[in-house]
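Now for the letters of each chain:
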Amino acid sequence: MKPKHRRFWYLSLIALFLGGATLVVLTSLNDHLLFFMMPSDVVAKNPKTTIRLGGLVVAGSLNRQDLLITFKVTDDKHTIPVAYKGIAPDLFREGQGVVAQGVWVNGVFQATHLLAKHDENYMPKEIAEKLKENGRWRPAENRS
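Conventions we followed
Residues numbered from 1 in each chain as written. Predicted model: local features only at pLDDT ≥ 70, side-chain atom pairs only at ≥ 80, totals over all residues. Heavy atoms only, no water. Pairing = 2+ DSSP bridges. Helix = DSSP H or I, 4+ residues; strand = E, 2+ residues; numbered from the N terminus. Phe/Tyr/Trp six-rings, centres within 6.5 Å; stacked < 30°, edge-to-face > 60°. Buried < 20%, exposed > 50% of the residue type's maximum accessible area, 1.4 Å probe, protein only. Core = buried A, V, L, I, M, F, W, Y, C linked by side-chain atoms within 4.5 Å. Contact = heavy atoms within 4.5 Å. Polar contact = N/O pair within 3.5 Å; in protein donor to acceptor, adjacent residues only side chain to side chain.

Draft legend 1. Structural context of the pairing of strand β7 (residues 108-116). By the bridge criterion, 3 bridges tie strand β5 (residues 79-85) to β7 in an arrangement that is parallel. When the bridges of β7 are listed, Val82 appears paired with Phe109. Where strand β6 (residues 97-105) lies against β7, 8 bridges are found, and the strand directions are antiparallel. Counted as the bridge partner of Trp104 is Phe109 from β7. Here β6 folds back onto β7, and the loop between the two strands holds 2 residues, one of which, Asn106, carries a positive phi near 50°.

And the structure:
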């Protein structure tokens with residue numbers, strides 16, 4: 001075998017190995033990828049896989065019955081109903097941001113996990129009190 005042919009076979013084996021490794025990585029990532037969508041995206045794309053839904057909890061839509069929590073999430077363009085069974089995070093409330101992980105089934109988002117969000121101005125109560133005692137407290141609207 002000429003050196004030219006030997007190089008061709010080596011390069012072909014390397015390309016085949018890299019292609020196979022890439023395929024394995026992409027296949028394993030596909031099972032763990034979660035797409036983040038807003039209510040408008042969910043309505044437009046009608047996803048069939050597990051996604052993360054983000055938006056604001058509509059004021060007056062929160063309903064709790066034992067462990068079943070129903071509410072609506074909006075992005076100011078579309079509003080979709082969400083059902084969640086479990087204990088909600090402490091920061092979960094109406095008018096706040098929420099990220100729900102689950103599936104879109106028959107016009108209702110069935111959440112399996114809830115993540116409540118707070119804004120960038122959040123300050124733990126203990127730290128806020130210490131800052132007030134030291135006279136270094138700056139309310140959120142004065143920070144910049």
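Next, the rest of the story.
Draft legend 2. Quick peek at the packing of aromatic side chains. Per the stated rule, a full pass over the model turns up 2 aromatic pairs. Aromatic side chains Phe71 and Phe92 sit 4.9 Å apart centroid to centroid with 65° between the ring planes, which places their arrangement in the edge-to-face category. In this pair, Phe71 is assigned in strand β4 (residues 68-74) and Phe92 in the loop between β5 and β6, connecting sequence segments 21 residues apart. Overall, the relative accessible area of 5% leaves Phe92 in the buried class.

Draft legend 3. Main features of the nonpolar core. Membership of the largest hydrophobic core comes to 19 residues, with the highest contact counts inside it found for Phe71, Phe92, Phe109 and Leu114. Among the elements of the structure, β2 (51-57), β4, β5, β6 and β7 are those that each provide at least two residues to this core. The residues touching Phe71, leaving out its near neighbours within four places in the chain, are Val57, Ser61, Leu62, Ile80, Pro81, Val82, Phe92, Val98 and Leu114.

Draft legend 4. Region of interest: the side chain of Thr74. One can find Thr74 in strand β4. Look at Thr74 and you get buried, because its relative accessible area is 13%. Within polar-contact distance, the side chain of Thr74 engages the backbone oxygen of His78 at 3.2 Å. Polar contacts involving the side chain of Thr74 include one to the side chain of Thr79, which spans 3.1 Å. With near-sequence residues (within four places) excluded, Thr74 lies in contact with Pro39, Gly55, Leu56, Val58 and Thr79.

Draft legend 5. Expanded view of the environment of Val108. Position of Val108 relative to the elements: it lies in strand β7. For Val108, a relative accessible area of 25% translates into the label partly exposed. With 36 residues separating them in the primary sequence, Val108 and Lys72 have C-alpha atoms 9.5 Å apart. Residue contacts for Val108: discarding those within four places in its chain leaves Pro81, Ala83 and Val103.

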